[in-house]
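Chain residues, written in single-letter form:
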Amino acid sequence: MASRESGNLSGGGGVAATAAAIAAAGTSPHQQQQQHNPAQAPMTAAGAGGSVGSLPAGGSQATVAAAAAGGGAAEGAGRVSNVQRIQQKKAQVRAWPRDKKLEKLAIYSACKGDENCKCNGWKNPTPPTHPARPDTPQPAAPPSQPCRSCSHMLSKHVSHLESASDDDLDRLLSIVVDVENLFICVHREEDPDTKQVYSYLFRRLRKCILQVTPPTVEVPLGTPPFERPSIFKGVTNFVFHKFNRLQQKDFQMMSDLAKMFLHCLNHWRLETPSARRAHTTPEESSAYKVNYTRWLCFSYVPQLCDSLPHHETTAIFGRTFLRAVFHTLRKQLLDKFRAEKDKMPPEKKLLLLNHFPRFLSMLEEEVYSNSSPIWDADYRPQLPPHLHAQATERASGGSGVTRGEFERLTVPPGEGQYTTVNLTPAATRRARLEESRGEKREGDDVCENSNNSSSSSSSSSTTTTSNNSNSSKRMKLESEDLGEDMVAEVVATITDPRKMVGPEVLFSENAARDEAAKLEERKGNIEFHVIGNSLTQKVSKQTMLWLIGLQNVFSHQLPRMPKDYITRLVFDPKHRTLALIKDNRPIGGICFRMFATQGFTEIVFCAVTSNEQVKGYGTHMMNHLKDYHVKNNVLHFLTFADEFAIGYFKKQGFSKDIQLARSVYQGYIKDYEGATLMGCELNPNIVYTEFTAVIRRQKEIIKKLIERKQSEIRKVHPGLTCFRDGVREIPVESIPGIREAGWKGPPASKPVRSPSQEHQEAEYLTSMLKTLLCNI
Amino acid sequence: MGKGKDKNLGSPKRSVDSPKSPKMRGRDSSPSFRREQLLRSEPLPPINVTPYPLSTSTEMAMAMSSEAQALQERVKVLSDIVRELQKSRDDNIPHMNNINVLSDKIVNEEKLTASSRNKLKMMYERCITDTEKEVQLMKKALHTVYQIRNIRHDLRIQAKNSGNKETIRRGALMKMLLNCAQTLPLWIGNFGEKPPPLCGAVAPEQNYVAKVNDMVACLVRGSEGEDNWILAEVVSYNPATNKYEVDDIDEEQKERHTLSRRRVYPLPLMRANPEVNPEALYPKGSIVMALYPQTTCFYKAVINRLPTLATEEYEVLFEDPTYADGYSPPLMVAQRYVIQIKDVSKKK
């Protein structure tokens, strides 16, 4: 802890002074940590004086800060929360005179005195001897004051800020405050993983001040949300799924408990990866560490350092995360409530000690169950009766229209949780039916309904606001000038075989490329599974046999790949393979490696055994793989395609224009000579296995609508002759009959609707939103 | 649709159900027997003008043609015949039962009186007449199936020769090849008749010339000088030069080849029924050329298992050096796509 003046990071006395100032203003930000309050755990630092020498920052500051922190604790005025304290500090800084602000910023700004000056922060040649109290600001150093390290003037360090507005300065100063807080955190933190993240964020923010850029956390961590559906969505679904048949009062209580649970999770301090390592497998704990880091960077630290963009834990993480933390969280919450039970009023005691444990157990079941519908991205809640009443009017109108909608499969995502995932919908559906039957035995009548509706594609459409794809689709329907009943009628026509005696029936074989394969999957002739090897978990014999089979398929179909190379990758625990199984033997597969942090997946091998080719299996396999990735929120595919594979990948929507920055994948993806890099970006709103069917249906609907329109108008105009006379173009609206046919021109004029309808709609939406918000 | 009907017509249960001769010691003395129902309960299935998909516009244009109408009529005819056939089968059941009852009685009594002999003879004669009627109907039905098949074939050739050159998608092409093989006419000879050339494994006559539009296997030289047996269709034959002009069945290749007779081998024109004419099948272990499933190329293969019914396929092992034992796993190939191995071009 000896003072080391030659700290290679700039900041010098200034940092020390400020750090001390914060500490002196009240308790240190770290003091409250001792309370172990999960609901409002502040930033951590368990005791002063870690190993400072290895840190990039100088040691002297730490000494000062630690000492001052001790002093602050003695003052013991720890009422105000840290967040408020930091806000106060920021407000104080904002109130400083401009020259003082510039001095502060100079400490973090590179010298522009001459081109060769390497100095990246102004250092006060006469550091104050005592830590300054912020309420008695020291007079600002004059702009001509030379820097202790490069001896250029202070003004040379802030020349780039001279014309900046006060707002810009305040924004930068806010980052400065965060940097200084982080600095303390880095030194206080004992856990190596956490310390690393703090110092990463510290350096990140310093860079932002240096470069005057808005603070962001960079790509290696991925961008939120990291998993879909979010925990918030899952828990909300859970409440609807389990309690929608309860009385209003009880339902309200469950909603409150869910709200409380989400709140606790948002403010809960995660176990450090090292504390956790003792009782998990290496695979699990490395996955946990990734999520822990994300949590620190996007959720935890930004709560305090508000210059970083903040995300709620429950909004950006999903089931995998919840599975990892659920047991610990539950234990800590219940322990805490038990400890505090004497201080609670009786009704709160009942809620927390009787209902909450039960709530948690039920939630636990859904969190760890692989077939729970609450994690279905398209789960549509069955509203409880009291909410339902408000929505019936609407729902009754819309129920017929959803027929053509996408169906989503349940794919339990996550790392290291499994070695086999079943993708075949028939099996999923079966599992769900069994589940709903099981529930019925327990006397659960109403629930079955919602269960079924969530699993079948023709589900009833009670509205939900949080489902993006669904609501956007609905919005679109409403914004068009077609009545829903009209569309419903058309859909009914095209699905009624008696009315469609025309070519569509006659040429039913004129099907999409993957139609035959889908039919076989429905009949159960073929199945799709995602399988992989594992070194830490037991791999079933079945999975091993399939992996061997896949290795054989790849080696026969890809003769130019060395066999041992194929074997190595297929059995590598980081690679997984989507297997196409027929008669319990793999006849094709796609071996892939997911780089979740980079946000892309590399397609390593892709093949179908030669005697099963040209049956649409390849297309269907790729569509399954796409759906699987949408579930896991990895939305880019990359692959090196050889000359024979380019055609296939083109048909699957791949292109040679790569949408990702080279830096994202270079060094990650295996590079092959003489092959073409191809990529494909996924759209999370598409269910790819249903894509062709949906598009076809839409096409049929449009065709029918055109026919209707034509039969309504029944007027034949003579064709245009002006082009024959050499006219190059005419305005569209001058084509005879086009307006009568319903053409409206460019959408400059908004879709015409009766004002009353619009009014009702807005009113309806507001009331709906209100009800939902009140009850979640 | 052709598939379903065809399968029923070649009902394998037949021989089991036939009346027993008195000489047979009746182990199974139950006098009644059942035969498979030929009728489907559903209404007439719709039939496509081609056994493979084309673009809707082309198919619609084709559907307007008189052939398409003829096609629908044939399907109706076929359905009527099958109905009639079932009726006559139903009618025959009591007669056959009577024969069984009487013959059982004779066997049990171990005594054949003159009257019962005469009676039995009369009953047999009647049954034979009935059965011949059934056979006629059956042949008529099969004939209709082949008419349908021919119309569809003609339509395809028409589409191909019309200016509207539309590439059939590979998946569709494979479907068509499969369909062609499954509906290949089944040879039904009279008792003791030998299967003709080009039925199953029976070789064509020495000077046989494949007809225009027939499918053939032919040996073509690839771009890298390697020889390949490919599936092709005959465009023309010039008797003066002894040369065929053929089109690769895979339209993506868009190649027309002119080949000497030696390099062209006709595909079987009829299926052999393994139950009746096992001699018209390749024996197990023989080396043949077979169409590799889902491709349009023939490769050397060993017959691993013979079909036991007219609707079944050969199981073959393809020569494949990429497998440890030198052969592919067993794969199924239809009779139509298994041909004799031919000594490849002794002279250039």
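Named according to an unreviewed UniProt entry, chain B is SAGA-associated factor 29 originating from Portunus trituberculatus. We quote the UniProt Subcellular location (unreviewed entry) comment for chain B here in full: "Nucleus".

If you check an unreviewed UniProt entry, chain A appears there as histone acetyltransferase from Portunus trituberculatus. Taken from UniProt, the Sequence similarities (unreviewed entry) comment for chain A reads in full: "Belongs to the acetyltransferase family. GCN5 subfamily." Of the comments in the UniProt record for chain A, the one headed Subcellular location (unreviewed entry) reads "Nucleus".

**Q** Explanation requested: the overall build of chain A in the structure shown.
**A** The helix and strand tally for chain A stands at 28 helices and seven strands. By the burial criterion, 49% of the 776 residues in chain A qualify as buried. For chain A, contacts bridging at least 24 residues in sequence account for 74% of all contacts bridging at least 6. Looking at chain A as shown, the accessible area adds up to about 37300 Å², and 54% of this sits on carbon and sulfur atoms.

**Q** I keep staring at the side chain of Ser285(A) and nothing clicks. Help me out?
**A** Residues and elements named next belong to chain A. Note on placement: serine 285 falls in helix α11 (residues 282-304). Look at serine 285 and you get buried, because its relative accessible area is 11%. Serine 285 has contacts with Arg277 and Thr280, leaving out every residue within four places of it along the chain.

**Q** Got a minute to help me understand helix α14 (residues 346-368) of chain A in this structure?
**A** Since the α-helix advances by 3.6 residues per turn, residues separated by three or four positions end up pointing in the same direction. Residue and element names in this part refer to chain A. Taking 1.5 Å of rise per residue, the 23 residues of α14 would be expected to cover 33 Å, and the 32 Å separating its terminal C-alpha atoms lies within 8% of that figure. Roughly 35° is the biggest bend found in α14, and it falls at histidine 355, with proline proline 357 one to four residues downstream. Taken together, the buried positions of α14 are occupied by Leu352, Phe356, Phe359, Leu360, Leu363, Glu364, Glu366 and Val367. Contacts made by the buried residues of α14 are with α8 (231-243), α9 (248-267) and α13 (319-339).

**Q** How should I be thinking about the nonpolar core in this particular structure?
**A** Soluble, globular proteins show a tendency: their nonpolar side chains are buried together. By size, the foremost hydrophobic cluster in this structure holds 86 residues, and its most contacted members are Phe261(A), Val301(A), Leu322(A), Phe356(A) and Phe359(A). Sort the elements by how many residues they give to this core and helix α6 (residues 166-188) of chain A lands first, with 11 residues. A domain-level breakdown of this core finds at least three residues from each of domain 1 (80-126 + 141-211) and domain 2 (231-376) of chain A. Beyond its immediate stretch of four places on either side in the chain, Phe356(A) contacts Leu257(A), Met260(A), Phe261(A), Leu333(A), Leu334(A), Phe337(A) and Leu351(A). Among the nonpolar cores identified, the runner-up in size contains 38 residues, and Met176(B), Ala181(B), Ala201(B) and Leu291(B) belong to it.

**Q** Sorry if this is basic, but what is going on with the packing of helix α22 (residues 541-557) of chain A against helix α23 (residues 563-570) of chain A here?
**A** The packing of two helices is summarised by the inter-axis angle and the distance between the axes. Residue and element names in this part refer to chain A. Packing of α22 against α23 leaves a shortest axis separation of 10 Å and a crossing angle of 145°. The handedness of the crossing between α22 and α23 is right-handed. Only Lys563, Ile566, Thr567 and Val570 of α23 make contact with α22, whose side of the interface consists of Leu547, Gln551, Phe554 and Ser555. For the contact of α22 with α23, the residue count by class is four nonpolar, three polar and one charged.

**Q** Sorry if this is basic, but what is going on with helix α4 (residues 98-106) of chain A here?
**A** Taken across its nine residues, α4(A) has seven buried, putting it largely inside the fold. Buried residues of α4(A): Lys100(A), Lys101(A), Leu102(A), Glu103(A), Lys104(A), Leu105(A) and Ala106(A), and no others.

**Q** Is there a simple way to explain the pairing of strand β7 (residues 297-305) of chain B in this structure?
**A** Residue and element names in this part refer to chain B. With two bridges connecting them, strand β2 (residues 227-238) and β7 associate as antiparallel partners. The partner of tryptophan 229 across the bridge, within β7, is phenylalanine 298. Across five bridges, the pairing between strand β6 (residues 287-291) and β7 is antiparallel. When the sheet's bridge partners are listed, valine 288 is paired in β7 with alanine 301. Sheet topology note: the β7/strand β8 (residues 314-318) ladder contains four bridges and is antiparallel. Its bridge partner lying in β8, valine 302 is registered against leucine 317.

**Q** For this particular structure, what's the right way to read a nonpolar patch on the surface?
**A** Residue and element names in this part refer to chain A. Together, Leu720, Phe723 and Val727 line one region of the surface with nonpolar side chains, adding up to about 240 Å² of accessible area. Topologically, valine 727 is positioned in the loop between α27 (691-713) and α28 (755-775). Valine 727 gets classed as partly exposed once you look at its relative accessible area, which sits at 36%.

**Q** I keep staring at unusual backbone geometry and nothing clicks. Help me out?
**A** Among all residues save glycine, negative phi is the norm, and among peptide bonds the norm is trans. For the bond running from Arg228(A) to Pro229(A), omega is -10°, close enough to zero to count as cis. Relative to the helices and strands, Pro229(A) is located in the loop between α7 (192-211) and α8. The residue Asn584(A) is not glycine, and still its phi comes out positive at about 60°. Mapped onto the elements of the fold, Asn584(A) is located in the loop between β3 (575-582) and β4 (585-595). With phi around 75°, Asn213(B) is a residue other than glycine that occupies positive phi space. Tracing the backbone shows Asn213(B) in the loop between α6 (170-182) and β1 (215-221).

**Q** I keep staring at a positive patch on the surface and nothing clicks. Help me out?
**A** Where like charges cluster on the molecular surface, the positive patch consists of Arg513(A), Lys651(A), Arg696(A), Lys699(A) and Arg169(B). Within the secondary structure layout, Lys651(A) lies in helix α25 (residues 646-651).

**Q** Even after reading the chapter, I still don't get the packing of aromatic side chains, so can you show me in this structure?
**A** Aromatic rings in a pair are described by how distant their centres are and how their planes are angled relative to each other. Residue and element names in this part refer to chain A. Applying the stated rule across the entire model yields 30 aromatic pairs over all chains. Pairing tyrosine 648 with phenylalanine 649 gives two aromatic rings, centres 5.1 Å apart and planes at 70°, and the pair type is edge-to-face. Owing to a relative accessible area of 23%, tyrosine 648 belongs among the partly exposed residues under this scheme. Through a chain of ring-to-ring contacts, the aromatic side chains of Phe238, Phe243, Phe337, Phe356 and Phe359 assemble into a single cluster. Here the guanidinium or amino end of lysine 100 rests over the ring plane of tryptophan 96, the centre of that ring lying 5.1 Å away. Sitting over the ring of tyrosine 288, arginine 276 keeps its end group 4.2 Å from the ring centre.

**Q** I keep staring at the packing of helix α3 (residues 82-95) of chain A against α6(A) and nothing clicks. Help me out?
**A** Residues and elements named next belong to chain A. Look at α3 against α6: their axes get within 10 Å of each other, and the N-to-C directions meet at 135°. Between α3 and α6, the crossing angle belongs to the class labelled oblique. The handedness of the crossing between α3 and α6 comes out as right-handed. Contact with α3, carried on its side by Ile86, Lys89, Lys90, Val93 and Arg94, involves Asp170, Leu173, Ser174, Val177, Asp178 and Asn181 of α6 and no other residues of that element.

**Q** Is there a simple way to think about the pairing of β3(A) in this case?
**A** Each regular strand displays side chains that alternate between the two surfaces of the sheet. Residue and element names in this part refer to chain A. Counting buried positions over the eight residues of β3 gives eight, a clear majority of the element. Note: strand β2 (residues 526-531) against β3, six bridges, orientation antiparallel. Note on β3: the bridge partner recorded for isoleucine 526 is lysine 582. Pairing analysis gives eight bridges linking β3 to β4, with the strands arranged antiparallel. Along β4, the bridge assignment pairs alanine 579 with glycine 589. Here β3 folds back onto β4, and the loop between the two strands holds two residues, one of which, aspartate 583, carries a positive phi near 50°.

**Q** Honestly, the side chain of His556(A) in this entry has me stumped. Any pointers?
**A** Its place among the elements puts His556(A) in helix α22. At 3.2 Å, the side chain of His556(A) and the backbone oxygen of Thr322(B) are in polar contact. In contact with His556(A), not counting residues within four places along its chain, are Thr322(B) and Tyr323(B).

**Q** Quick question: what am I supposed to make of the environment of Ser711(A) here?
**A** Mapped onto the elements of the fold, Ser711(A) is located in helix α27. Of note is the side chain of Ser711(A), whose polar atom sits 2.7 Å from the backbone oxygen of Arg708(A).

**Q** Would you mind showing me how to read the pattern of salt bridges here?
**A** Between side chains of opposite charge, pairing is possible as soon as their charged atoms come close. Residues and elements named next belong to chain A. The full count for this structure, using the stated rule, is 25 salt bridges over all chains. Between aspartate 170 and lysine 101 there is a salt bridge, with the nearest N and O atoms lying 2.8 Å from each other. Of this pair, aspartate 170 sits in helix α6 while lysine 101 sits in helix α4; the two residues are 69 residues apart in sequence, bridging distant segments of the chain. Each of the two residues, aspartate 170 as well as lysine 101, counts as buried. Residue lysine 582 pairs with glutamate 612 through a salt bridge whose shortest N-O separation is 3.2 Å.

What counts and what doesn't
- Residues numbered from 1 in each chain as written.
- Chains lettered and ligands numbered in written order.
- Predicted model: local features only at pLDDT ≥ 70, side-chain atom pairs only at ≥ 80, totals over all residues.
- Heavy atoms only, no water.
- UniProt positions renumbered as here; feature names shortened; annotations may be inferred.
- Helix = DSSP H or I, 4+ residues; strand = E, 2+ residues; numbered from the N terminus.
- Buried < 20%, exposed > 50% of the residue type's maximum accessible area, 1.4 Å probe, protein only.
- Contact = heavy atoms within 4.5 Å.
- Areas by Shrake-Rupley, 256 points an atom, 1.4 Å probe, with all protein chains shown as cover.
- Expected span 1.5 Å × (residues − 1).
- Bend = angle between axes of the 7 residues up to and from the residue.
- Core = buried A, V, L, I, M, F, W, Y, C linked by side-chain atoms within 4.5 Å.
- Domains from an automatic or database assignment.
- Axes fitted to C-alpha atoms, helices over the stretch in contact; angles between N-to-C directions.
- Left-handed = near helix turned anticlockwise from the far one by under 90°.
- Nonpolar A, V, L, I, M, F, W, Y, C, P; charged D, E, K, R; others polar.
- Pairing = 2+ DSSP bridges.
- Patch = residues over 30% accessible without salt bridge, like charges linked within 9 Å, V, L, I, M, F, W, Y side chains within 5 Å.
- Salt bridge = Lys/Arg side-chain N within 4 Å of Asp/Glu carboxyl O.
- Lys, Arg positive; Asp, Glu negative; His and termini not counted.
- Charge placed at Lys NZ, Arg CZ, Asp CG, Glu CD.
- Phe/Tyr/Trp six-rings, centres within 6.5 Å; stacked < 30°, edge-to-face > 60°.
- Lys NZ or Arg CZ within 6 Å of the ring centre and 35° of its normal.
- Parallel < 35°, antiparallel > 145°, perpendicular 65-115°, else oblique.
- Polar contact = N/O pair within 3.5 Å; in protein donor to acceptor, adjacent residues only side chain to side chain.

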